[in-house]
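Report on the structure
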2 protein chains.
Amino acid sequence: MDFWDHIICLDNKFKVIFVAEIIFMSKILIIGAGRSSSSLIDYFLSNAKTHSWHITIADTNKQAVESKISKYQDVAAAVAFDVHNVALRESMIKEADFVVSMLPALMHGEVARDCVRLGKHLATASYVSQDMKDLDKEAKSKNLLLLNECGLDPGIDHASAMKIIHEIQEKGGKVTGFKSFCGGLVAPESNDNPWGYKFSWNPRNVVLAGQGTAQFIENGKLKFIPYNRIYTQIETIKVEGYGNFDAYANRDSIGYKEPYGLTDVSTMLRGTLRMPGYCKAWNVFVKLGLTDDTYKIKNADALTYTDLLESFLPKGNSSVKEKLVAFMGSDINAEVMAKLEYLELFANRPIKLKEGSPAELLQNLLEEKWLLKEGDKDMIVMQHQFEYELKGAHKKLISSLVVIGDDEVHTAMAKTVGLPLAITIKNFLTGKFKLYGVQIPTVKEIYEPMLTELEELGIRFTETEVA
Amino acid sequence: MDFWDHIICLDNKFKVIFVAEIIFMSKILIIGAGRSSSSLIDYFLSNAKTHSWHITIADTNKQAVESKISKYQDVAAAVAFDVHNVALRESMIKEADFVVSMLPALMHGEVARDCVRLGKHLATASYVSQDMKDLDKEAKSKNLLLLNECGLDPGIDHASAMKIIHEIQEKGGKVTGFKSFCGGLVAPESNDNPWGYKFSWNPRNVVLAGQGTAQFIENGKLKFIPYNRIYTQIETIKVEGYGNFDAYANRDSIGYKEPYGLTDVSTMLRGTLRMPGYCKAWNVFVKLGLTDDTYKIKNADALTYTDLLESFLPKGNSSVKEKLVAFMGSDINAEVMAKLEYLELFANRPIKLKEGSPAELLQNLLEEKWLLKEGDKDMIVMQHQFEYELKGAHKKLISSLVVIGDDEVHTAMAKTVGLPLAITIKNFLTGKFKLYGVQIPTVKEIYEPMLTELEELGIRFTETEVA
């Protein structure tokens, strides 16, 4: 509702104007206050007064939330969240006007069904799931927003890519190829382990990354890369000022042809970035089977990580290290070996979990080895590569983003996941766009104000035309 | 109830005996009359009169069932089965005393829950699922049998292995190693394609075989082989009179330590047999990703199988065949190439399905190429290898089974899957064993009469002591 709607001219002659300030208080419920939520929560808290928001933050760790909101008692409250308590979840959602789910993606379905049934808007940073799609029609009919893929990747990638695609199209150009890469990495100044990697987000997702089959289009042809060789078929991506990165294909790129309006593009690929050499080393785990999450190893705490490694190797009389070298053949070298040794894989390090899938046991080790230490800075790198035709000429445009975190809590990951979501929710609540049902930030009304505010906050792409 | 219980001596002196013949009619419901059910159905039909059974056979194809039972109208009936019609399923189960589910394994859960609720016994040839385990307690409390893993593999393998394990133990011996292999193959006289393979059972299971991670114990150590290399880490198994076979590790062998009573065995492996060379060729599909069943390729009928193959290969300017050879490196040879060429993979053969996962598209091709033709005979091969210690000596015993089918309908597969199940149900109904809850044929009361009758029917193991 516009400000001027509330100005009632009582008397034209004397211009006595009566202004009724009507406050629309919005109650925002944030479920999940984990690693990626810090910037999102900060944004809501610091903007709460201006926009008359009341923020409720629900998390299993209520105490941790309380310490975060201590300076904002007047506009925020912490509540305990229990994923198994359906009645509690429902009553919390009933109280809210807008729900933000920062829960693991698998749990969005339940929350989304509650929201639509109870008439509440919902936003997540996760991929649009089948659950979400199934709710689209009902949400639209009730004028409810189901905002998804509005974090970093997916999120900022969609927004920034669509901005350039629309600009090229508005100039009369035609996009023929689109590649987009993103990685949550560690900043050069904090890069002190041979993997060049530390966890700035859900470790489980890093360990399971790439499972399934990557699907993309290359030179007009459908392309598939299954998990068993996803870390071997990599390309090298150069980012000005930051050097080279490994890039491997990520999930289903083909499904984005339509939302991006690139239905007859001949190359379409989305990929994930890692420091050079990471993929060759991670491929050892894939080839061994150490990232399998489909079965549990019992009494795992009776084993060492060296035993675990050996259990995936063919039998032989040599040492575990020698057997691994023989098994990997040309897929191993001194650099890979240094990475494995850094993880103490040959040092008979005991496994601490009583039971777990190979992936869980590996994650438990990595969480210790790849921890962001106090003062450590993470780094987000994103790069889009556009090929397009304009007035008969073939052109190439590269757009890159690098964001460095402040410290191990205020990470670049938390900023780039949380801010686009928070900004877009604000834009919706303040009436900057009126879209309902399942939405992702590929439409101008959503991405334009989002990118403008992100730039003000220092999250800004650099564009380069390539010959 | 014993015959003599019904003899009532009316007058001792004159020995006038009155015999009351009490008929206990059992109503048996068989759900699913597909490929593997023919011998099971024949057995029930031909034994129905003797045991006062009435057989109801439910299948989506009611007509096909009617032709099978035409000579048994007095003891059998055909009914149409619709997997989505819960009320129909329930009413059919309500009518029965004993239910045999020959449905795909995933559908046993629903049937089992109905059976236990309605107080009916159930038998399947499939692996014990979590659904089954969850029903164990309730079934036991109601004196209901939930018989599982009572076909060929699992089934005859359990029975025949346990017989020997118990014999060794009864002689005071100790089993130190156990390996067991089984394959549903094609008989030498019908082996006329380079793969040495034709479908004698569910083609889908053949295409997806090996997915997951194989788990076993070798020389006292846990061993895991993930799907990506299951067809490369094979061993060669020799069966007297039938030559060599490829063997790859199958699923979770470790879980059978306890049911087999071999808790401190140092080697425990269950494996699958294929003709020599099959695994090296099938590995091409695994490495490419062609057996993936997790996503659908849309508009597949616009592609040829050569296009499909190419979509899994890295880009390049050479022919699809040349690219495949370069991609596979030392994992391909002339024999493998002959197998791929037999499938017309380089011949631009059109895909017939409108949509399907890579696995479904491959299956569609193989169903045509690997069809059991009229008069074709299939072959079941099973081999157990026992290592044991007896009176200080280290011994090895090999027990092998070969069954050749009669023709493309009365297959060795149908016999070896259906007969152990049918025989065991008969033994239960005639009171030969009284066990309830989840049971598999590892106990003497079940396996002994089963193996005896199978021998009478020509399904007989040969044992050889090895030096």
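Note that the structure is predicted; figures quoted are calculated from it, not measured. (Residues numbered from 1 in each chain as written. Chains lettered and ligands numbered in written order. Predicted model: local features only at pLDDT ≥ 70, side-chain atom pairs only at ≥ 80, totals over all residues. Heavy atoms only, no water.)

Concerning the overall build of chain A
Secondary structure summary: chain A contains 14 helices and 18 strands in total. Taken against the 2.2 N^0.38 rule, which gives 23 Å for 467 residues, the C-alpha radius of gyration of chain A at 24 Å falls within 12% of a compact globule. Dimensions of chain A, computed from C-alpha atoms along their principal axes, come out at roughly 100 × 60 × 40 Å. Sorting the 467 residues of chain A into buried and exposed places 54% on the buried side. (Helix = DSSP H or I, 4+ residues; strand = E, 2+ residues; numbered from the N terminus. Rg over C-alpha atoms; globule rule 2.2 N^0.38 Å. Buried < 20%, exposed > 50% of the residue type's maximum accessible area, 1.4 Å probe, protein only.)

Describing the environment of His121(A)
Residue and element names in this part refer to chain A. Counting through the fold element by element, His-121 comes out in strand 7 (residues 121–124). On the basis of relative accessible area, His-121 is assigned to the buried category, the value being 15%. C-alpha of His-121 to C-alpha of Glu-456: the two residues are 335 residues apart in sequence and 27 Å apart in space.

Things to note about the sheet that holds strand 17 (residues 437–439) of chain B
Residues and elements named next belong to chain B. Reading across from one edge, 5-4-3-6-7-8-17 is the order of the 7 strands in this open sheet, with parallel pairing throughout. The strands lining the two open edges of the sheet, one partner per strand, are strand 5 (76–80) and strand 17. Across the sheet, the mean angle separating the axes of adjacent strands is 20° when strand polarity is ignored. Here strand 3 (residues 26–31) runs beside strand 6 (residues 98–101); their pairing, made up of 4 bridges, is parallel. Bridge pairing in strand 6 links Ile-31 to Ser-101. Against the sheet, helix 4 (residues 108–118) contacts strand 3, strand 6, strand 7 (121–124) and strand 8 (145–147), and its axis sits at roughly 160° relative to strand 7. Of the strands in this sheet, strand 7, strand 8 and strand 17 are in contact with helix 5 (residues 130–141), which crosses strand 17 at around 125°. (Pairing = 2+ DSSP bridges. Axes fitted to C-alpha atoms, helices over the stretch in contact; angles between N-to-C directions. Contact = heavy atoms within 4.5 Å.)

So, the interface of chain B and chain A
Each partner contributes residues to the interface: chain B has 28 residues there, and chain A has 28 residues. For the chain B and chain A pair, buried surface summed over both sides reaches about 2,300 Å², with 49% attributable to carbon and sulfur atoms. Where chain B touches chain A, the interface holds 4 salt bridges. Taking the shortest distance from any N to any O, the salt bridge between Lys315(A) and Glu218(B) comes out at 3.5 Å. Listing elements by their share of the side of chain B that touches chain A, those giving two or more residues are strand 10 (213–218), strand 11 (221–226), helix 8 (278–288) and helix 9 (305–311) of chain B. Broken down by element, the residue count for the side of chain B that touches chain A peaks at 5 residues, all from strand 11 of chain B. Here the side of chain B that touches chain A is composed, by residue class, of 12 nonpolar, 8 polar and 8 charged. (Buried area = accessible area lost by both parts, 1.4 Å probe. Salt bridge = Lys/Arg side-chain N within 4 Å of Asp/Glu carboxyl O. Nonpolar A, V, L, I, M, F, W, Y, C, P; charged D, E, K, R; others polar.)

Comments concerning unusual backbone geometry
The residue after Asp153(A), namely Pro154(A), is reached through a cis peptide bond having omega 15°. In this structure, Pro154(A) sits in the loop between strand 8 (145–147) and helix 6 (156–170). Unusually for a residue other than glycine, Arg251(B) sits at a positive phi of about 50°. Taking the relative accessible area as the measure of exposure, Arg251(B) reaches 52% and is therefore exposed.

A word on helix 6 of chain A
Residue and element names in this part refer to chain A. Relative to the 21 Å expected for 15 residues at 1.5 Å per residue, helix 6 spans 21 Å between its end C-alpha atoms, a close match to the ideal helical length. Taken residue by residue, helix 6 has Ile-156, Asp-157, His-158, Ala-159, Ser-160, Ala-161, Met-162, Ile-164, Ile-165 and Ile-168 as its buried positions. Of the residues one or two after helix 6, Gly-172 is the one with positive phi, at around 90°. (Expected span 1.5 Å × (residues − 1).)

Observations regarding helix 14 (residues 444–456) of chain B
Residue and element names in this part refer to chain B. Given a rise of 1.5 Å per residue, 13 residues ought to cover 18 Å, and the 18 Å separating the end C-alpha atoms of helix 14 matches this to within 8%. Taken residue by residue, helix 14 has Ile-446, Tyr-447, Pro-449, Met-450, Leu-451, Glu-453 and Leu-454 as its buried positions. Looking at the buried residues of helix 14, the elements they touch are helix 1 (38–51), strand 8, helix 6 (156–170), helix 13 (412–429) and strand 17.

Quick look at the relation of the copies chain B and chain A
At an RMSD of 0.1 Å, chain B and chain A line up after a rotation of 180° and a shift of 0.1 Å along the axis. The transformation just described matches what one would write down for a two-fold rotation axis. When each C-alpha of chain B is compared by its distance to the rotation axis, Asn228(B) comes out closest, at 3.0 Å. (Least-squares fit on C-alpha atoms with pLDDT ≥ 70 in both.)

Quick word on the confidence of the model for chain A
Chain-level statistics for chain A give a pLDDT mean of 93 and a share of 95% at 70 or above. In the predicted assembly, ipTM is 0.82 and pTM is 0.86. (pLDDT = per-residue confidence, 0-100.)

Considering the packing of helix 4 (residues 108–118) of chain A against helix 5 (residues 130–141) of chain A
All names here are of chain A. Where helix 4 contacts helix 5, the two axes come as close as 10 Å, and the packing angle between them is 10°. As the angle between them shows, helix 4 and helix 5 are arranged roughly parallel. In this structure, helix 4 contributes His-108, Gly-109, Ala-112, Arg-113 and Val-116 to the contact, and helix 5 contributes Asp-131, Met-132, Leu-135, Glu-138 and Ala-139. Taken together, the residues of the contact of helix 4 with helix 5 break down into 5 nonpolar, 2 polar and 3 charged. (Parallel < 35°, antiparallel > 145°, perpendicular 65-115°, else oblique.)

Quick notes on the pattern of salt bridges
Between side chains of opposite charge, a pair can form as their charged atoms come close. All names here are of chain A. Tallied over the full model, the rule gives 66 salt bridges over all chains. Put simply, Asp-192 and Lys-198 hold a salt bridge, and the shortest N to O gap is 2.8 Å. Taking relative accessible area as the criterion, Lys-198 reaches 2% and is therefore assigned buried. Linked by salt bridges that have partners in common, Arg-89, Glu-90, Glu-110, Arg-113, Asp-114, Arg-117 and Asp-131 make up one network.

Points about the sheet that holds strand 3 (residues 26–31) of chain A
Sheet strands line up and pair through hydrogen bonds in the backbone, either parallel or antiparallel. All names here are of chain A. Pairing is parallel across the open sheet formed by 7 strands, whose spatial order is 5-4-3-6-7-8-17. Sheet topology places strand 5 (76–80) and strand 17 (437–439) at the edges, where each strand pairs with a single neighbour. Each adjacent strand pair in this sheet contributes to an overall mean axis angle of 20°, direction not counted. In this sheet, strand 5 lies alongside strand 4 (residues 53–59) in parallel orientation, the contact comprising 5 bridges. When the bridges of strand 5 are listed, Ala-58 appears paired with Val-79. Sitting on the sheet, helix 4 touches strand 3, strand 6 (98–101), strand 7 and strand 8, and the angle it makes with strand 7 is about 160°. Each of strand 3, strand 4, strand 6, strand 7 and strand 8 is contacted by helix 13 (residues 412–429), which is oriented at about 165° to strand 6, the strand it contacts most.

Topic: the nonpolar core
Residues and elements named next belong to chain A. Core analysis: the largest hydrophobic core is formed by 90 residues, its most contacted members being Ile-30, Phe-44, Ile-55, Val-99, Val-100, Tyr-260 and Leu-421. Here this core takes 9 residues from helix 13, the largest share from any one element. Split by domain, this core shows at least three residues from each of two domains, domain 1 (3–148) and domain 2 (156–278 + 374–412). Each residue touching Val-100, except ones within four places of it in the same chain, is listed here: Ile-28, Leu-29, Ile-30, Ile-31, Leu-40, Phe-44, Ala-123, Leu-421 and Ile-425. (Core = buried A, V, L, I, M, F, W, Y, C linked by side-chain atoms within 4.5 Å. Domains from an automatic or database assignment.)

Side note on the side chain of Lys426(B)
All names here are of chain B. When you line up the elements, Lys-426 lands in helix 13. Overall, Lys-426 belongs to the buried group, its relative accessible area being 10%. A distance of 3.1 Å separates a polar atom in the side chain of Lys-426 from a polar atom in the side chain of Tyr-43. Apart from residues lying up to four places away in sequence, Lys-426 is in contact with Tyr-43, His-51, Trp-53 and Glu-453. (Polar contact = N/O pair within 3.5 Å; in protein donor to acceptor, adjacent residues only side chain to side chain.)

With respect to the packing of aromatic side chains
All told, the structure shown has 48 aromatic pairs over all chains when counted by the stated rule. A ring pair is formed by Phe199(A) and Trp370(A), whose centres lie 5.4 Å apart and whose planes are at 55°; its orientation type is tilted. Remark: Trp370(A) occurs in the loop between helix 12 (358–369) and strand 15 (378–390) and Phe199(A) occurs in the loop between strand 9 (174–186) and helix 7 (203–208); sequence separation between them is 171 residues. We note that Phe199(A), like Trp370(A), is buried. Plain terms: the ring middles of Tyr295(A) and Phe224(B) are 5.4 Å apart, the flat faces sit at 35° to each other, and that makes the pair tilted. Of this pair, Tyr295(A) sits in the loop between helix 8 (278–288) and helix 9 (305–311) while Phe224(B) is found in strand 11, placing the two residues in two different chains. Accessibility assignment for this pair places Tyr295(A) and Phe224(B) in one class, buried. Clustering of aromatic rings is evident, with ring pairs tying together Trp195(A), Tyr197(A), Phe199(A), Tyr231(A), Tyr248(A), Tyr278(A), Trp282(A), Phe285(A) and Trp370(A). Lys369(A) extends its terminal NZ or CZ atom over the ring of Tyr342(A), reaching a point 5.6 Å from the ring centre. Over the face of the ring belonging to Tyr278(B) we find Arg274(B), whose NZ or CZ atom lies 5.4 Å from the ring centre. (Phe/Tyr/Trp six-rings, centres within 6.5 Å; stacked < 30°, edge-to-face > 60°. Lys NZ or Arg CZ within 6 Å of the ring centre and 35° of its normal.)

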